[in-house]
Amino acid sequence: MATNTAAGGTNLLKLWPWVVVPLVAIVLPFIFDSGHAINLLSHMGVAIIFALSYNMLLGNTGLLSFGHAVYYGLGAFVAMHLLRSINDAGGEGLPLELLPVVGAGAGLFFGIIFGTFSVRRAGVVFAMITLGLGALVHSSSLMFTDFFGGEAGLFGYRDEAPSLFGVDYAPSRNVYFLVVAWTFIAAILIYLLRKTPLGWMANAVRDNPERAQFVGYNPTIVRFIQFALSAMFAGLAGGLFVITDEIVNDEAVNALTSGAVLLGTYIGGIGYFIGPIVGGTLVTFLESSLSTYTEAWVLYFGLMFIAIVMFAPMGLVGIVHTQYLSWKAGGWKGNTGARLYILLTGLVGIFGLICVIELAYHYFRSWDPSAPFALMGVTVDATNALPWLVSFGIAIIGFGLMLFHGNPMLKRKLDAKSDGGKA
Amino acid sequence: MLRNKKTGLFTGTMIGLSMAISSITYAQDGPIRISYIEPLSGPFANVGDQGLKHFRFAAEKMNEQGGILGRDIEIVAMDNKQSPSESVQLIQRSVDDGIKFVTQGNGSNVAGAMVEAVDRNNRRNEDNKVLYLNYAAVDPALTNERCSFYHFRFDAASDIKLEALSNYMKTRDDDIDKIFLINMDYSHGQFISKRMKELVDEKGLDAEVVGDVMHPIGQVRDFSPYVSRIQQSGADTVVSGNWGNDLSLLVRAIDSAGLDVNIYTYYGGGLGTPAAVGPRGEDKLHQITEWHADVNVDEGLEDYEKWFQEFKERYPEIDWYYHRIYNQMHMLKAAIEEVGNAEDIDAIAKALEGMEFDSPTGTVTMRAQDHQILQPMYLSVMDTEAKYDADNSGVGFRTVANIPVEQATVDTTCDMRRP
Amino acid sequence: MLETIAYSIFNGVLYGTLLFMMSSGLTLIFGMMGVLNFAHASFYMLGAYFAYTFGLGTGFWVALFLAPIAVGVMGALVERYGLRRVHQYGHVPELLFTFGLAYVIEELVALFWGTVPVAYKAPAALNTTAFTMFGLDYSWFKVFILLVAVAMFIGLWVLIKKTRAGLIIQGALSRPDMVGALGHNVPMVFTLVFAFGCALAGLGGVVGGIHFVTDPGMAFMMGPIVFVVVVLGGLGSVPGALVASLIIGILQTFFLSVNFSLADSIGALGIEDSGFFGVLWHMEATRIAPVLPFLLLVLTLIFRPRGLFGKREA
């Protein structure tokens, strides 16, 4: 797992993104002012914290977890219990703004407990332990109904809790600003943690545990601390989720939630600080929006993930970053056309593939496959051969040109360039 | 910081795009839209898809008759992936889109979250209220301790089904001696297990409960161990609230072990079950429902039989199953027409309260106190000779007993907050 | 009690042999390639669906052979064009690749065969009662499952211990680098082993799909349990997988078959049925059974990460 902390870091040392991004985040709800859009934005914030916390394990420490939702969910449940007790007390008690801290505390608590026996080994053993723990906690969530509220879950009211600043948290926009604030705080903390000796040791333990041990750092302890802190931030995200959704149920601790954060983080790019930010945002957006446009969204999701794992293990951010570095270093000179050509043919291929998948879904899933079907703005009959041939044709031509024309072309140009350089 | 900007730009454009599509506003004379919030992807997609076909068909039939107040009915399908929190989002989306009615039925956990979300929205967002029409979630809490003014249930609640079932079992006191309860381990199954044991005493059934087992939802692939327990207990009757695979597998395991017991279920005729069970369930598998296909034949309901047949022509692979969707859609129509518009949710809810409707199976009443429908029920058993088989499985259902409304009624503890 | 034990053992062995059919391939693949194939249960699912589809045309007996072969070919393609590419990035991306693959296969199966279970049934000849034990009938099909599993175990054992191919596999299990150094085409061996492992899972699917149910959820259901088996048995150990399958099968069935909770047997002792320990105290064994494999998984990994028979640590 090659990582690029140094390169990702130097850029980020510049402070201005830390000002611009929150400003943009604050403006966003005024542009997209429907309730659903604001909720979506809030969820993105929660997903960003959760994904960042996950990357403390996967990206920074090299620990692949299949059960990170455990800490997110337990944090959410504990925060929810507190919110309910505040509701029951008639709105007296801890201010709502600090509820995520309670979630974080719960995450840390369970992180410490489960961490003591999870982190002794990395790799597959760790992955399997987290898988087992995830399944155990999820099953318990349906058994211990006092704490988890059974499959119906627990409800609370965010507007029946005191506020530090006298804000009314009934409107979702006000909640969104709270989410932005917490996301910002969590992002800064996680970023700074990467810059501490602990962060560097985590990288060392990831890359070469023996050597780290030789230098005098116990890998188990480094992993343990990272694990507990990561669980803490996951709990923070869970606590925040309680405020945005006012409901928490077994979903919060299940395997799908654990899987989604893994997918999102990896798609974004585990080697970069902003990878999980991009991934969390994107996955949240796709999950909520893609499904309204197409039945095939799970398939697209899976294919995208596989494509990233196979062709761009550094994630989306990695693609942009490597291209950017190459462009900056003048690597694009004389071959910009070839690069654009590959991009274009690739997009054409993807377009064709999407047409094929949509046709297939219509053909196999619809009660009447011959019903007129709007494909990319064209009404077609899926029982006819023509739309299939055209779609397959576009896909094959697109990918074919990319693989057998574009790629060799770029390679030739690059070779010619390096030869020229030598000469 | 090219990376940050690019992402922001991308996200922004995508969000903008989706907003532009979703914010097309509809005029007052546009269609009356109902959000259908069910799983349309994932393992439960088939269930959601079947319900959607029912609603689309009912809407189409009613639109042929002039719709509601001359406006068409439009069903807006939304995929909740069987997730409560996703469903809450979709209610928000419906509100944003100006949709006033949401309907849902699969999963009492989802229903519980939806009641909360609808209440919350109607409290915080007085100009954009929504009405929640529940066509299948049977958790009694929804019309008892957690009842809401904006929730109407068109299916019989679980306690009502058990009431009807135990009233029937009382008439079979001679045959039923030992009852075995096997249920899915969540509130639905837990309720049946608890309530059935109480009913055996309350109704003075001459029978005892010899076994009470909970199994995890959708995780048991082989029911033989459970069947061996049923066999050891000497039970002659099995009561189960299982649905889907958990029911098909149970019935198949009972049959393949050669066990001779009567099985009383809620969902014996539900999607996929008749096909999975097949003739093995004949004279064994009972269901308690508000209607089944052969009721039309038995009672000479020609119009409704035609409705059933047209549905079959349209969707040959499934059958009209949810009679309550018929009731729900027609009662909603009556309420909206009484009020004169489809926007005043409080008035429409008031009109639905206490409404009596002449359903093909008899008069059904929406009880004002808790918004629970009260309707006659049917106890039927799987039969290969039935005129209409379910989902082309070769087996249909034959009525064993008609259960009148009085025997399918349970008092409620609902203390409703009204606007 | 005797009845309960007899049931548990018979049903447990039956369930265990099915688990073994699925896990033997997984443990072989892991032992050889170090890849924990998350999509293994998906190949099991494909086996069931292929057998169902082929069976419509050729009948069950031909499909019994065709389906595993088809699944093996799929496995080979996945290894050759997917895994091999990812291999260069390390084991974690390999795991993630199979993780994504599991999603995609499930979606595609749901697309082509629908989300409702298909009517995949045993041939009529196997549906007759073979014997009756304590008043419950057991069909020939259940006997058939046992026979297939026994044949598979013997076949595997002969293959690994008595043939040249087995020698190479054995060598590669312990020292993959050495095998390469001896001039064997290691990538080719990898492809074949992966295909073979998938075919074994496919065979498990051919019988498991009948015994259980053939729907797109079957892979997701079985996947984690199969992991438990291979971890408990020791990653890479085929006999370990057999023993672990039987242990899990019998233990789980036993828990399901008994009426037991601490409160019932020891007495409530005034402990309320609430709070963490209270609920545990009153928890029925039946309700614990499904969690049992995961408990075993975590305990094994904590106390004996190489499993019962494993030679190396995972």
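Just so we're clear, the structure is a prediction, and the values are computed from it rather than from any experiment.

Definitions and cut-offs
Residues numbered from 1 in each chain as written. Chains lettered and ligands numbered in written order. Predicted model: local features only at pLDDT ≥ 70, side-chain atom pairs only at ≥ 80, totals over all residues. Heavy atoms only, no water. Helix = DSSP H or I, 4+ residues; strand = E, 2+ residues; numbered from the N terminus. Rg over C-alpha atoms; globule rule 2.2 N^0.38 Å. Buried < 20%, exposed > 50% of the residue type's maximum accessible area, 1.4 Å probe, protein only. Contact = heavy atoms within 4.5 Å. Areas by Shrake-Rupley, 256 points an atom, 1.4 Å probe, with all protein chains shown as cover. Salt bridge = Lys/Arg side-chain N within 4 Å of Asp/Glu carboxyl O. Polar contact = N/O pair within 3.5 Å; in protein donor to acceptor, adjacent residues only side chain to side chain. Nonpolar A, V, L, I, M, F, W, Y, C, P; charged D, E, K, R; others polar. Pairing = 2+ DSSP bridges. Axes fitted to C-alpha atoms, helices over the stretch in contact; angles between N-to-C directions. Domains from an automatic or database assignment. Buried area = accessible area lost by both parts, 1.4 Å probe. pLDDT = per-residue confidence, 0-100. Patch = residues over 30% accessible without salt bridge, like charges linked within 9 Å, V, L, I, M, F, W, Y side chains within 5 Å. Lys, Arg positive; Asp, Glu negative; His and termini not counted. Charge placed at Lys NZ, Arg CZ, Asp CG, Glu CD. Phe/Tyr/Trp six-rings, centres within 6.5 Å; stacked < 30°, edge-to-face > 60°.

**Examining the overall build of chain C**
Move 1: When helices and strands are tallied, chain C shows 14 helices and two strands.
Move 2: Whereas a compact globule of 314 residues would reach a radius of gyration of roughly 20 Å, chain C reaches 21 Å, a difference of no more than 12%.
Move 3: Burial statistics for chain C: of 314 residues in total, 58% are counted as buried.
Move 4: Restricting to contacts in chain C with at least 6 residues of sequence separation, those with at least 24 account for 76%.
Move 5: Within the structure as shown, chain C displays about 12300 Å² of accessible surface, and the carbon and sulfur contribution to it stands at 71%.

**With respect to the interface of chain A and chain C**
Move 1: The interface of chain A with chain C comprises 40 residues on the first partner and 44 residues on the second.
Move 2: Counting across the chain A and chain C interface gives zero salt bridges.
Move 3: Our count for the contact surface shared by chain A and chain C stands at three residue pairs in polar contact (both at pLDDT 80 or more).
Move 4: Within the residue set of the side of chain A that touches chain C, elements represented by two or more residues are α6 (123-143), α12 (255-268), α14 (297-311) and α16 (336-365) of chain A.
Move 5: When residues in the side of chain A that touches chain C are grouped by element, the largest group, twelve residues, is from α6(A).
Move 6: Looking at the side of chain A that touches chain C, its residues break down into 32 nonpolar, four polar and four charged.

**Quick word on the sheet that holds strand β1 (residues 32-38) of chain B**
Residue and element names in this part refer to chain B.
Move 1: The strand order β2-β1-β3-β4-β5 describes an open sheet built from five strands, whose pairing is parallel. Strands at the two margins of the open sheet, each flanked by one partner only, are β2 (73-79) and β5 (151-153). The mean inter-strand angle of the sheet, taken between neighbouring strand axes irrespective of direction, is 25 degrees.
Move 2: For β1 and β2, the ladder comprises seven bridges, and the chain directions are parallel. If you follow Tyr 36 over to β2, its bridge partner there is Ala 77.
Move 3: In this fold helix α4 (residues 108-124) packs onto β1, β3 (101-104), β4 (131-134) and β5, with an angle of close to 165 degrees to the strand it touches most, β3.

**Things to note about the domain arrangement of chain B**
All names here are of chain B.
Move 1: Here chain B is described as being made up of domain 1 (29-156 + 301-375) and domain 2 (159-289 + 377-407).
Move 2: Computed from C-alpha atoms alone, the centre-to-centre distance between domain 1 and domain 2 is 27 Å.
Move 3: Listed as interface residues are 25 residues of domain 1 and, on the opposing side, 19 residues of domain 2.
Move 4: Across the domain 1/domain 2 interface, buried area totals approximately 1800 Å², and carbon plus sulfur atoms make up 58% of it.
Move 5: Counting the contacts that link domain 1 with domain 2 gives two salt bridges.
Move 6: Across the pair Asp 155 and Lys 161 runs a salt bridge, and its minimum N-O distance is 3.4 Å.
Move 7: Per-element tally for the side of domain 1 that touches domain 2: the top contributor is helix α11 (residues 302-314), with four residues.
Move 8: For the side of domain 1 that touches domain 2, the residue count by class is twelve nonpolar, eight polar and five charged.

**Regarding the pattern of salt bridges**
Move 1: Counted under the stated rule, the structure contains 31 salt bridges over all chains.
Move 2: One salt bridge in this structure joins Glu290(B) and Arg324(B), with 3.0 Å as the shortest N-O distance. Here the residue Glu290(B) occupies a position in the loop between β10 (285-289) and α10 (293-298), and Arg324(B) occupies one in helix α12 (residues 323-339), the gap between them amounting to 34 residues. No difference in accessibility class separates Glu290(B) from Arg324(B), as the two residues are buried.
Move 3: The salt bridge partner of Arg367(B) is Asp370(B), with a shortest N-O separation of 2.9 Å. Asp370(B) matches Arg367(B) in its accessibility class, with the two residues each being buried.
Move 4: Salt bridges linked by common partners bring Arg158(A), Asp159(A), Glu246(A), Arg120(B) and Arg124(B) together as one network.

**Brief notes about the sheet that holds strand β12 (residues 362-366) of chain B**
All names here are of chain B.
Move 1: Strand order in the open sheet formed by three strands is β11-β12-β13, with antiparallel pairing between adjacent strands. The open sheet has two edge strands with one neighbour each: β11 (356-359) and β13 (373-374).
Move 2: Looking at chain direction, β11 and β12 are connected through four bridges and run antiparallel. Looking at β12, one finds that Phe 357 is bridged to Val 364.
Move 3: In the packing of α12 onto the sheet, contacts are made with β11, β12 and β13, and the angle to β11 comes to roughly 130 degrees.

**Focus on the confidence of the model for chain B**
Move 1: When pLDDT is averaged along chain B, the result is 87; 93% of the residues meet or exceed 70.
Move 2: Counted against residues more than four places away or in other chains, residues 1-27 of chain B, with its pLDDT under 50, gives 36 contacts.

**Things to note about a nonpolar patch on the surface**
Residues and elements named next belong to chain A.
Move 1: Residues Trp 16, Val 19, Val 20, Leu 23, Val 24, Ile 26 and Phe 30 make up a contiguous nonpolar surface patch of roughly 640 Å² in combined accessible area.
Move 2: Within the fold, Phe 30 resides in helix α2 (residues 16-31).
Move 3: Relative accessible area serves as the criterion here: at 48%, Phe 30 is assigned to the partly exposed category.

**Let's talk about the interface of chain C and chain B**
Move 1: Taken together, the contacts link 29 residues of chain C with 30 residues of chain B.
Move 2: For the pair chain C and chain B, the two sides together bury roughly 2600 Å², of which 51% comes from carbon and sulfur.
Move 3: Between the two partners, chain C and chain B, sit zero salt bridges.
Move 4: Here chain C and chain B share zero residue pairs in polar contact (both at pLDDT 80 or more) between them.
Move 5: Those elements giving two or more residues to the side of chain C that touches chain B turn out to be α1 (2-33), β2 (136-139), α8 (186-211), α9 (218-233), α10 (238-257) and α13 (285-288) of chain C.
Move 6: With four residues, α1(C) is the largest single contributor of residues to the side of chain C that touches chain B.
Move 7: Residue classes in the side of chain C that touches chain B are distributed as 14 nonpolar, nine polar and six charged.

**Let's talk about a negative patch on the surface**
Residues and elements named next belong to chain B.
Move 1: Taken together, the side chains of Asp 174, Asp 177, Asp 206 and Glu 208 present a region of like negative charge at the surface.
Move 2: Along the chain, the position of Asp 177 falls in the loop between α5 (158-171) and β6 (178-184).
Move 3: The exposure class of Asp 177 is partly exposed, given its relative accessible area of 38%.

**Digging into the packing of aromatic side chains**
Move 1: In this structure the tally under the stated criterion is 63 aromatic pairs over all chains.
Move 2: Between Tyr266(A) and Phe305(A), the ring centres sit 5.9 Å apart and the planes meet at 70 degrees, which makes this aromatic pair edge-to-face. Placement of the pair is Tyr266(A) in helix α12 and Phe305(A) in helix α14, with a sequence separation of 39 residues. For the pair shown, Tyr266(A) and Phe305(A) are each scored as buried.
Move 3: Within the aromatic cluster, the residues linked to one another by ring pairs are Phe57(B), Trp291(B), Tyr304(B), Trp307(B), Phe308(B), Phe311(B), Tyr315(B), Trp320(B), Tyr326(B) and Tyr388(B).

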